[in-house]
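Chain and residue survey
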Amino acid sequence: MEASVDHRGTDWERRYGRILVVSDLVVLAWVFATAHTVWAANLPDDQGLRPFSFGPVAASFVILLMWHAVLTLAGTRDLRVFGGGPEEYKRVLNSTLVVFAVIAFVGYMIGAQVPRTYVAVLLPFGLLLLSLSRWSWRQWLLVRRQHGQMIHDAVVVGSSEAVDHLAAVILRNAVFGYRLTAACVTSADPPDHIAGIPVLGGVDSLAAKVMGANVDAVIITSSDATHPEMVRRLGWDLEGYDIEIIVAPSLANIAGPRVHIRPVAGLPLLHVEQPSYRGAQRWAKDLVDRVGGLLLLLLFSPVMLALAIAIKVSSSGGVFFVQERVGRDGKTFGMIKFRSMVEGADEMLGDLQPDTSNVVMFKMRDDPRVTRVGRFIRRYSLDELPQLFNVLKGDMSLVGPRPPLVSEVSGYAAEARRRLLVRPGMTGPWQISGRSDLDWEETMRLDLYYVENWSLVGDMLILWKTFRAVVSSAGAY
């Protein structure tokens, strides 16, 4: 009983919020001390200013407190942004920009000139350290959640099918901190368990069942029986019990930025924007691909040269392997990779048997065709570095669905062909979520989610997570 109380959201959220308050204060103090020191070190002697006198130090202290207050008012420590999604970082960024906009406005109004060196250090260094601090605490929180701590226990309400689907989604996304401990189903003859979750019965006397389950939240899925009147009455019954009510609409694979709630005559209507594949965002993505691809090619050129020599010396055959893949709008192109297999590997394919659950993409853990150098470069995805040339040519993107083989596309269902609406990528959701360990359905789900909800901010997050996935080498063979 005591362990269950420790997991209640209202307890750990307050503790975690206090941790962020203190952490932000320490980070900002460090940032301001650094900016002040750099400004003092670069101040000309003939100006006669004293950076560490009462006036400049007091002004820095006031700005520090204002920055910390804006972080609070902007909800950067709101429990709804703890641990998952980019919203927390977006709020930190917006808060920082607001602070410096206020500094610029006040400085202009009172005729005070803010030192350029001071601002040039304060803004990027502060934003960087705040983001790193929040990211570090998120990793700590994720570790705790993986051990069953600092999470929300929840009761899920809905049809048997909806409960089973939501349980699978929650299980895949432990980072968001929900654990389904019980279910109330709308069917006339409910089973004892669904997806390993004990069923408390039907939706009659729902409030009493939720309160008796000792949970932090109740998640209501879409069902004919879970009508708005029931949700409203449940809210009245749970008032004062500190139990969160969450409604999960039947919108599969649609990200939050595409969903907007607009009340009409007291009825909350969900507006779903159509996915955009053209316009300014696509031009920006093209620019990021070309510039980023060129910079990465220059950065990794020494590594690529060393790998080319190792491949050539260790086994007979060419350095590169060019394979026909299907790109945007179904157009084929030659995808370039470092050769990781022996010559004539394609002819040996018929004698091998894949040992993964992915029935469409052939993957084998101990493929005898892979060379010794090939095994190393595959483990850390170094064989894919030549795809930077494909990015510069416009055949591929830095981030996108994996480029499929022609034989794979021939077996696509209608929904799977939506992968071809965008350029394939060197990395993507498949790369950061398990790579070859994923089955075909999960691979397709991740790619379709990306196609439907891609954004530049999301691409940046995927690129960041790719580094960790490559270093861990999970699912690479």
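1. Considering the overall build of the protein
In terms of regular secondary structure, the protein is built from 15 helices and 12 strands. The 477 residues of the protein split such that 42% are buried. Look at the contacts in the protein between residues 6 or more apart in sequence, and 70% of them connect residues 24 or more apart. Accessible area of the protein: about 25,600 Å², with a carbon and sulfur share of 63%.

2. A short note on the nonpolar core
Counting residues in hydrophobic clusters, the biggest one holds 24 residues, and the most contacted among them are Phe338 and Ile377. When residues of this core are traced back to their parent elements, those giving at least two are helix H9 (280–314), strand E10 (332–338), helix H10 (372–379), helix H11 (387–393), strand E11 (397–399) and helix H14 (440–453). Ranked by residues supplied to this core, first place goes to H9 with five residues. The contacts of Ile377, once residues within four sequence positions are left out, are Leu307, Ile311, Phe338, Arg339, Ser340, Leu382 and Asp383. Core analysis: the second largest hydrophobic core is formed by 21 residues, Leu64, Trp67, Val70 and Leu129 among them.

3. Overview of the confidence of the model for the protein
Looking at the protein, pLDDT values average 81 and 81% of them are 70 or higher. Ranking the elements of the protein by mean pLDDT puts helix H1 (residues 2–6) last with 37 and H11 first with 95.

4. Considerations on helix H4 (residues 87–110)
Helix length check: H4 (24 residues) gives 35 Å between terminal C-alpha atoms against 34 Å at 1.5 Å per residue, within 8%. Turning to H4, its buried residues are Glu88, Tyr89, Val92, Ser95, Thr96, Val99, Phe100, Ile103 and Gly107. Positioned one or two residues after H4, Gly111 has a phi angle of 75°, which is positive.

5. Observations concerning the pairing of strand E1 (residues 152–158)
Along E1, seven of the seven residues are buried, which leaves the element largely enclosed by surrounding structure. Neither face of E1 is open: one carries His152, Ala154, Val156 and Gly158, the other Asp153, Val155 and Val157, and all of them are buried. When E1 meets strand E2 (residues 178–185), the two strands line up parallel, connected through seven bridges. Residue Val155 lies in a different strand from E2, and its bridge partner there is Ala182. As a crossover connection, the stretch from E1 through helix H6 (residues 160–172) into E2 is right-handed. As paired strands, E1 and strand E5 (residues 217–221) are joined by four bridges and run parallel to one another. Bridged to Val157 within E5 is Ile220.

6. Some details on the environment of Val157
For Val157, the location among the structural elements is in strand E1. Once the C-alpha coordinates of Val157 and Thr186 are considered, the two residues, 29 residues apart in sequence, prove to be 7.6 Å apart.

7. Quick look at the environment of Pro56
Within the secondary structure, Pro56 is located in helix H3 (residues 54–73). On the basis of relative accessible area, Pro56 is assigned to the partly exposed category, the value being 23%.

8. Here we look at the packing of H4 against helix H5 (residues 116–146)
How two helices pack is summed up by the angle between their axes together with the distance between the axes. Remark: H4 packs on H5, axes separated minimally by 10 Å, with the N-to-C direction vectors making an angle of 160°. The orientation of H4 relative to H5 falls into the category roughly antiparallel. For the pair H4 and H5, the crossing hand works out as right-handed. Contacts from Glu88, Tyr89, Val92, Leu93, Thr96 and Phe100 of H4 reach H5 at Val119, Leu122, Leu123, Leu127, Leu130, Ser131, Arg134, Trp135 and Arg138. In the contact of H4 with H5, the residues fall into 10 nonpolar, two polar and three charged.

9. Looking at a nonpolar patch on the surface
A cluster of nonpolar side chains, Val98, Val102, Phe105, Val106, Tyr108, Met109 and Ile110, forms an exposed patch at the surface whose accessible area comes to about 750 Å². You can see Tyr108 is positioned in helix H4.

10. Things to note about the sheet that holds E1
Spatial strand order, E3-E4-E2-E1-E5-E6: six strands in an open sheet with mixed pairing. Looking at which strands have only one partner, the edges of the open sheet turn out to be strand E3 (193–194) and strand E6 (244–248). Of the strand pairs in this sheet, E3 and strand E4 (residues 197–201) are connected by two bridges, and their pairing is antiparallel. Looking at E4, one finds that Ile194 is bridged to Ile197. The strands touched by H6 within the sheet are E1, E2, E3, E4 and E5, with E2 carrying the most contacts at an inclination of about 175°. Its contacts with the sheet place helix H8 (residues 228–237) against E5 and E6, and it is angled at close to 175° to E5.

11. Some points on the pattern of salt bridges
Enumeration according to the criterion identifies 15 salt bridges in this entry. Here Asp395 makes a salt bridge to Lys393, at a shortest N to O gap of 3.5 Å. The partly exposed category is assigned to Asp395, whose relative accessible area is 21%. Each of Asp24, Arg77, Glu88, Arg134 and Arg138 takes part in salt bridges that share partners, so that together they form one network.

12. Here we look at the side chain of Ser95
For Ser95, the position within the fold is in helix H4. The exposure class assigned to Ser95 is buried, which follows from its relative accessible area of 2%.

About the thresholds
- Residues numbered from 1 in each chain as written.
- Predicted model: local features only at pLDDT ≥ 70, side-chain atom pairs only at ≥ 80, totals over all residues.
- Heavy atoms only, no water.
- Helix = DSSP H or I, 4+ residues; strand = E, 2+ residues; numbered from the N terminus.
- Buried < 20%, exposed > 50% of the residue type's maximum accessible area, 1.4 Å probe, protein only.
- Contact = heavy atoms within 4.5 Å.
- Areas by Shrake-Rupley, 256 points an atom, 1.4 Å probe, with all protein chains shown as cover.
- Core = buried A, V, L, I, M, F, W, Y, C linked by side-chain atoms within 4.5 Å.
- pLDDT = per-residue confidence, 0-100.
- Expected span 1.5 Å × (residues − 1).
- Pairing = 2+ DSSP bridges.
- Right-handed = clockwise from strand over helix to strand, strands pointing away.
- Axes fitted to C-alpha atoms, helices over the stretch in contact; angles between N-to-C directions.
- Parallel < 35°, antiparallel > 145°, perpendicular 65-115°, else oblique.
- Left-handed = near helix turned anticlockwise from the far one by under 90°.
- Nonpolar A, V, L, I, M, F, W, Y, C, P; charged D, E, K, R; others polar.
- Patch = residues over 30% accessible without salt bridge, like charges linked within 9 Å, V, L, I, M, F, W, Y side chains within 5 Å.
- Salt bridge = Lys/Arg side-chain N within 4 Å of Asp/Glu carboxyl O.

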